[in-house]
Amino acid sequence: MKKYTLLAVLVVLTLTACNDANEENTPQTYTIDFEQVALNEEGRSWGQATNTKDDTDSYDIYSESLLGARFDTWRQETPWQVWLGWAFSNNTQTEYQSDYSHQYASPTGAYSGSKFAIYYHSVSVGSLYTPDIKFNSTVAPKSLMLNNSTTTVCYVKGEDSFSQWSNEDKTTLTITGYRGTTSTGNVEVIIAEGSTYISDWTKVDLTPLGEVNRIELKITSTDTGDWGMNAPAYICIDDIVYEK
């Protein structure tokens, strides 16, 4: 009888150990929804000041860390609010604003909660810095939600007096995964083409990127001129889902 009891205990312990091992090996899912970001009185933020400058000593570097991911921004304190990288906002606007405050707005607000991120790749300093999302470890991106910014919508609709957009033009967002310096794959999304454009939050599948420790975003357009791209290089992002 003691032998059978001991055998039963060993079976239970083995099953428990197996279950514990399976739980440890099961990837956990994380969603970055930007609700933890502290916004200023205008409902905006560029992250936390790092009290450091870029290599040209021209830009102050800001950074926001959320759920194991880091979002960096290069910014100048000027009346023109010169920046590139990431901003965070709860602003909803549907029309062009003379003070250009619509660059921090989504035409439909956030996807979930009240806050979202805005990616911007400046033409003037885009060759120096490429904004990205840096992860603290290797992760498997699953999806994100994106929407055009109010800036892009106003430009495509011709409400921006500087717009040179035509029915033949197209703007594309390319999302590329990296593990170290090696590209793991990319996903392309046409955000505007001719008179059509993404007008509400849209889910983007990121599984083709595989396992990464960095995601790079880049906006390109056929609407270009002597100084580079004319079309706005903005996109709104919310609910980035990844596993690790």
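As shown above, the structure is provided for reference.
First, a word on scope: everything that follows refers to the structure included in this document. The structure displayed is predicted, hence computed values, not measured ones.

### Details of the nonpolar core
Part 1 of the argument: Counting 39 residues, the largest nonpolar core has F34, F71, W86, I133, L146, I175 and L217 as the members making the most contacts within it.
Part 2 of the argument: It is strand β10 (residues 132-147) that provides the largest number of residues to this core, a total of five residues.
Part 3 of the argument: Apart from the residues lying within four places of it in its own chain, the contact partners of F71 are I32, F34, Y62, S63, E64, L66, W86, F88, I133 and I240.
Part 4 of the argument: By size, the runner-up hydrophobic cluster in this structure holds 18 residues, among which are W74, Y104, Y234 and C236.

### A look at the packing of aromatic side chains
Part 1 of the argument: The full count for this structure, using the stated rule, is 16 aromatic pairs.
Part 2 of the argument: Here the aromatic rings of F34 and F71 are separated by 5.6 Å at their centres, their planes lie at 70 degrees, and the arrangement is edge-to-face. Taken as a pair, F34 in the loop between β1 (29-32) and β2 (44-45) and F71 in strand β5 (residues 69-75) lie far apart in primary sequence, 37 residues in all.
Part 3 of the argument: On the basis of relative accessible area, F34 is assigned to the buried category, the value being 0%.
Part 4 of the argument: Taking relative accessible area as the criterion, F71 reaches 0% and is therefore assigned buried.
Part 5 of the argument: In this structure an aromatic cluster arises from ring pairing among F34, F71, W86, F88 and Y119.
Part 6 of the argument: One Lys or Arg, R75, reaches over the ring of Y62 and ends 5.6 Å from the middle of that ring.
Part 7 of the argument: Sitting above the plane of the Y178 ring, R214 keeps its charged end 4.4 Å from the centroid.

### Details of the pattern of salt bridges
Part 1 of the argument: One pass over the structure, following the stated rule, counts nine salt bridges.
Part 2 of the argument: Across the pair R70 and D72 runs a salt bridge whose closest N-O atoms are separated by 3.0 Å.
Part 3 of the argument: Looking at R70, the relative accessible area reads 34%, which means it is partly exposed.
Part 4 of the argument: Measuring nitrogen to oxygen at the nearest pair gives 2.8 Å for the salt bridge that ties D132 to K134.

### Examining the pairing of strand β11 (residues 170-179)
Part 1 of the argument: Of all 10 residues in β11, eight are buried, a share of seventy percent or more.
Part 2 of the argument: Pairing of β11 with strand β12 (residues 182-193) involves 10 bridges; the strand directions are antiparallel. Counterpart to G177 in the pairing with β12 is G185.
Part 3 of the argument: Between β11 and β12, which follow one another and run antiparallel, lie two residues, and G180 among them has a positive phi close to 70 degrees.
Part 4 of the argument: Here β11 pairs with strand β15 (residues 212-221) via eight bridges, running antiparallel. Its bridge partner lying in β15, Y178 is registered against R214.

### Looking at the pairing of strand β18 (residues 234-243)
Part 1 of the argument: Across the 10 residues that make up β18, a large majority, nine, are buried.
Part 2 of the argument: In terms of strand pairing, strand β9 (residues 116-120) meets β18 through four bridges, oriented antiparallel. Bridged to Y119 within β18 is I235.
Part 3 of the argument: Direction of pairing for β10 relative to β18: antiparallel, over a ladder of six bridges.

### Some thoughts on the side chain of N148
Part 1 of the argument: Counting through the fold element by element, N148 comes out in the loop between β10 and α2 (150-156).
Part 2 of the argument: A distance of 2.8 Å separates a polar side-chain atom of N148 from the backbone oxygen of I191.
Part 3 of the argument: Within the structure, the side chain of N148 is placed 3.0 Å from the backbone oxygen of I198, a separation counted as a polar contact.
Part 4 of the argument: In this structure N148 touches P107, V153, I191, Y197, I198, I235 and C236, once residues within four positions along its chain are discounted.

### What about unusual backbone geometry?
Part 1 of the argument: A positive phi angle, near 60 degrees, is found at N51, a position not held by glycine.
Part 2 of the argument: Mapped onto the secondary structure, N51 falls in strand β3 (residues 48-53).
Part 3 of the argument: Positioned with a positive phi, Y100 is a non-glycine residue whose angle comes to about 65 degrees.
Part 4 of the argument: Relative to the assigned elements, Y100 resides in the loop between β7 (91-92) and β8 (105-106).

Scoring rules and cut-offs
- Residues numbered from 1 in each chain as written.
- Predicted model: local features only at pLDDT ≥ 70, side-chain atom pairs only at ≥ 80, totals over all residues.
- Heavy atoms only, no water.
- Core = buried A, V, L, I, M, F, W, Y, C linked by side-chain atoms within 4.5 Å.
- Buried < 20%, exposed > 50% of the residue type's maximum accessible area, 1.4 Å probe, protein only.
- Helix = DSSP H or I, 4+ residues; strand = E, 2+ residues; numbered from the N terminus.
- Contact = heavy atoms within 4.5 Å.
- Phe/Tyr/Trp six-rings, centres within 6.5 Å; stacked < 30°, edge-to-face > 60°.
- Lys NZ or Arg CZ within 6 Å of the ring centre and 35° of its normal.
- Salt bridge = Lys/Arg side-chain N within 4 Å of Asp/Glu carboxyl O.
- Pairing = 2+ DSSP bridges.
- Polar contact = N/O pair within 3.5 Å; in protein donor to acceptor, adjacent residues only side chain to side chain.

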